[in-house]
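# Examination of the molecular architecture
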Amino acid sequence: MSNECVEVVLPGVVEPEGLQVNRKELPVPGPGQVRVRVEATGVSFAEQQMRRGRYYDQPPFPFVPGYDLVGVVETTGRRVAALTKVGAWASHVVLDEADLVDVPEGVDPIEAETVVVNGITAWQMLHRAAKAKQGQTILVHGANGGVGSVLTRLAKAEGIHVIGTASPRHHEAIRKLGVTPIDYRDDVPRKVRELAPEGVDAVFDHIGGRSVVDSWRLLRKGGALVAYGSAATKEDTGAKALPVLKIVARTLLWNALPNGRTATFYNIWAKKFKAKHNEDLKAVLARLASGHIDATVAEVFPLEQAAAALRLAEERTTAGKIVLKP
Ligand SMILES: NC(=O)c1ccc[n+]([C@@H]2O[C@H](COP(=O)([O-])OP(=O)(O)OC[C@H]3O[C@@H](n4cnc5c(N)ncnc54)[C@H](OP(=O)(O)O)[C@@H]3O)[C@@H](O)[C@H]2O)c1
């Protein structure tokens with residue numbers, strides 16, 4: 001066993017190629033902690049924001065990014081999954097034992113990795129925020145993305161109809177999942193109205209800006225808007241929390257209107273959602289193990305090629321999760 005820990009460091013505001021590979025001594029667990037040998041970690045949209053210094057609560061530079069991981073507890077051999085927000089782009093990570101969820105027997109670590117942050121996010125938005133039900137129709141923006149693809153699979157497995165926006169290159173793939181695709185560059189509200197004249201039961205919007213207003217207007221009576229990101233403002237300058245604060249302000253206003261619809265800004269770290277991370281991750285992993293949902297792996301890179309993996313994510317040509325393997 002090597003005594004070395006390999007990690008990928010984000011040194012400051014850099015292009016993906018500015019990521020650095022660092023070697024250090026293995027980290028030592030404290031009380032209540034264990035050391036996990038990482039088998040898979042992933043590239044999330046958050047790292048695209050972090051490398052620009054635009055993620056709303058990222059740590060000061062330099063730091064090791066990596067939102068989630070799957071790995072093996074060195075002392076027991078237990079295969080686990082964990083949400084880390086940062087720090088997972090490493091060969092070994094020390095974690096609190098209370099934050100670990102068992103990966104069911106027979107589930108491949110790379111496949112499990114696709115449903116850690118993406119699975120928790122998708123599950124909580126679908127079941128806890130929107131409370132979507134069988135027979136309903138929902139609009140999923142970015143149905144090809146990491147979160148979007150898991151959300152789509154979970155919804156279809158529940159008998160929910162999905163209209164999904166994506167670039168045309170992904171339409172065939174999402175059609176195969178039973179999704180009705182719309183090109184996100186088209187007149188999306190008009191296209192959705194053609195498919196659902198009364199509006200939809202829920203919209204999941206990670207785009208922000210103008211899109212979130214359109215999303216709200218597309219809801220039928222009793223419908224739920226779940227806003228959860230601001231991808232459209234990734235390149236903006238100015239206060240990094242402002243685009244999200246604007247969405248939150250809108251949701252507060254919309255909820256105050258007597259209109260029978262609800263709006264939520266979903267934040268995975270909000271207390272009520274954080275309290276359910278382990279339970280909900282367990283539920284999604286169980287569905288992966290039983291074959292209710294499949295994993296969408298876009299591509300697998302060695303950890304040391306994190307720069308190429310992040311560059312690929314930013315090219316916006318992939319569907320599903322880009323995975324890093326130490
Ligand atoms: N609120 C929370 O707690 C929470 C938790 C997890 C994730 N998120 C958010 O969820 C979103 C998806 O994350 P992910 O990790 O799944 O990302 P991902 O795998 O990189 O997928 C990104 C998706 O967004 C689309 N997209 C990228 N840039 C866009 C832009 N400028 N305008 C509109 N669409 C754009 C992509 O479509 P194309 O491929 O067609 O370009 C793709 O479908 C991000 O906005 C992230 O911040 C929020």
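Residues numbered from 1 in each chain as written. Predicted model: local features only at pLDDT ≥ 70, side-chain atom pairs only at ≥ 80, totals over all residues. Heavy atoms only, no water.

## As for the overall build of the protein
Stated precisely, the cut-off is as follows: Where helices and strands are cited, they refer to DSSP runs of H or I of at least four residues and of E of at least two residues respectively, numbered from the N terminus. Note that the radius of gyration is over C-alpha atoms, with the globule rule given as 2.2 Å times the number of residues to the power 0.38. Relative accessible area decides the class of each residue, using a 1.4 Å probe on protein chains only: under 20% of the type maximum gives buried, over 50% gives exposed, and in between gives partly exposed. Throughout, a contact is declared for two residues whenever any of their heavy atoms are within 4.5 Å. Each accessible area value is a Shrake-Rupley result obtained with a 1.4 Å probe; residue values ignore everything except the protein chains displayed when judging cover. We treat Lys and Arg as the positive residues and Asp and Glu as the negative residues; His and chain ends play no part in the count. Taken as the charge centre is NZ of Lys, CZ of Arg, CG of Asp or CD of Glu, depending on the residue.
In terms of helices and strands, the protein carries 11 helices and 15 strands. The C-alpha atoms of the protein give a radius of gyration of 19 Å, which matches the 20 Å a tight globule of 326 residues would have. Along the first, second and third principal axes, the C-alpha set of the protein runs to 60 × 45 × 35 Å. Per-residue burial over the protein gives 53% buried out of 326 residues. Across the protein, the fraction of contacts at a sequence separation of at least 24, relative to all contacts at a separation of at least 6, is 64%. Carbon and sulfur atoms make up 51% of the accessible area of the protein, which totals about 14,400 Å². Each charge class in the protein was averaged separately, 41 positive and 37 negative side chains, and the resulting centres sit 7 Å apart.

## Here's the deal with the site of the ligand
Defined as follows: One heavy atom within 4 Å of a molecule or strand is enough for the residue carrying it to be called near that molecule or strand. Definition of a polar contact: a pair of N or O atoms within 3.5 Å, with one able to donate and the other able to accept a hydrogen when the atoms are protein atoms, and with sequence-neighbouring residues admitted only if both atoms are side-chain atoms. The residue classification treats Ala, Val, Leu, Ile, Met, Phe, Trp, Tyr, Cys and Pro as nonpolar and Asp, Glu, Lys and Arg as charged. All others, Gly included, are polar. The start and end points of each domain follow an automatic or database-based domain assignment.
Close to the ligand lie 22 residues; Gly 146, Val 147, Ser 167, Ile 268 and Arg 316 are nearest. Within the backbone of Val 147, one N or O atom sits 2.7 Å away from an oxygen atom of the ligand. Taking 930 Å² as the accessible area of the ligand by itself, protein coverage stands at 86%. Counting residues per element, the ones that place at least two in the shell around the ligand are α1 (45-50) and α4 (146-157). Top contributing element to the shell around the ligand by residue count: α1, with three residues. In the shell around the ligand, the residues fall into nine nonpolar, 12 polar and one charged. Lining the shell around the ligand are residues from two domains, each supplying at least three of them: domain 1 (4-114 + 295-325) and domain 2 (119-270).

## Some details on the side chain of Arg 52
Assignment of secondary structure puts Arg 52 in the loop between α1 and β4 (68-73). A distance of 3.1 Å separates the side chain of Arg 52 from the side chain of Glu 235, its partner in a polar contact.

## A short note on the pattern of salt bridges
Selection rule: Any Lys or Arg side-chain nitrogen found within 4 Å of a carboxyl oxygen on Asp or Glu counts as a salt bridge.
According to the stated counting rule, one finds 24 salt bridges in the structure shown. Among the salt bridges present, the one from Asp 214 reaches Arg 210, with a minimum N-O distance of 3.0 Å. Of the two residues, Asp 214 and Arg 210 are both situated in helix α7 (residues 210-217); the distance of four residues between them amounts to about one turn of the helix. Take Asp 214: its relative accessible area is 22%, and that puts it in the partly exposed class.

## Examining the domain arrangement of the protein
Which entries qualify depends on this criterion: Here the quantity called buried area is the accessible surface, traced with a 1.4 Å probe, that two parts lose on coming together, added over both.
What the domain assignment lists for the protein is domain 1 (4-114 + 295-325) and domain 2 (119-270). Here the C-alpha centre of domain 2 lies 26 Å away from the C-alpha centre of domain 1. On the domain 2 side, the residues contacting the 18 residues of domain 1 number 24 residues. Summing both partners gives a buried area of about 1,800 Å² for domain 1 against domain 2, and 50% of it is carried by carbon and sulfur. Summed over the three residues of domain 1 that lose the most area to domain 2, namely Arg 54, Tyr 56 and Leu 83, the buried surface amounts to 35% of that side. Across the pair Glu 235 and Arg 52 runs a salt bridge, and its minimum N-O distance is 3.1 Å.

## Digging into the sheet that holds strand β13 (residues 262-265)
Definition in use: At least two DSSP bridges between two strands are needed for those strands to be called paired. To get an axis, a line is fitted to the C-alpha atoms, and for a helix only the part in contact is used. The angle between two axes follows their N-to-C directions and goes from 0 to 180 degrees.
An order of β10-β9-β8-β11-β12-β13 is seen for the six strands of this open sheet, with the pairing classed as parallel. The sheet is open, and its two borders are formed by β10 (180-183) and β13, each paired with just one other strand. On average, each strand axis in the sheet is tilted by 15° relative to the strand beside it, whichever way the strands run. Bridge analysis of strand β12 (residues 219-227) against β13 gives four bridges, and the strand direction is parallel. Considered in β13, the bridge of Ala 224 is made with Thr 262. Against the sheet, α7 makes contact with β11 (200-205), β12 and β13, and its axis sits at roughly 155° relative to β12, the strand it touches most.

## Quick word on the pairing of strand β9 (residues 161-166)
For clarity, the threshold we go by: By the criterion used throughout, a crossover qualifies as right-handed when its path from the first strand across the helix to the second strand runs clockwise, the strands pointing away from the viewer.
A large share of β9 lies buried, amounting to five of its six residues. Taken together, the four bridges between strand β8 (residues 137-140) and β9 define a ladder with parallel strand orientation. Within β9, the residue paired with Val 140 across the bridge is Gly 164. Across four bridges, β9 lies against β10 in parallel orientation. Looking at the pairing, Gly 164 lines up with Pro 181 of β10. In the classification by handedness, the crossover that spans β9, the intervening helix α5 (residues 171-176) and the parallel β10 is right-handed.

## Considering the packing of aromatic side chains
We count it as follows: For Phe, Tyr and Trp, rings pair up if their centres lie within 6.5 Å, where Trp contributes its six-membered ring, and each pair is then called stacked (planes under 30 degrees apart), edge-to-face (over 60) or tilted (otherwise). Distance and angle both matter: a charge sits over a ring if NZ of Lys or CZ of Arg is within 6 Å of the ring centre and within 35 degrees of the ring normal.
For the coordinates displayed, the defined rule picks out six aromatic pairs. Its end group placed over the ring of Tyr 184, Arg 185 keeps NZ or CZ at 5.7 Å from the ring centre. The ring of Trp 216 carries the charged tip of Arg 261 above its face, separated from the ring centre by 4.5 Å.

## Notes on the environment of Ala 313
Note on placement: Ala 313 falls in helix α11 (residues 306-315). Exposure remark for Ala 313: the relative accessible area of 14% places this residue in the buried category. Measuring from C-alpha to C-alpha, the distance between Ala 313 and Leu 245 comes to 26 Å, with 68 residues separating the pair along the chain. Once residues lying within four places of it in the same chain are set aside, the contact partners of Ala 313 are Val 43, Gln 48 and Ile 322.

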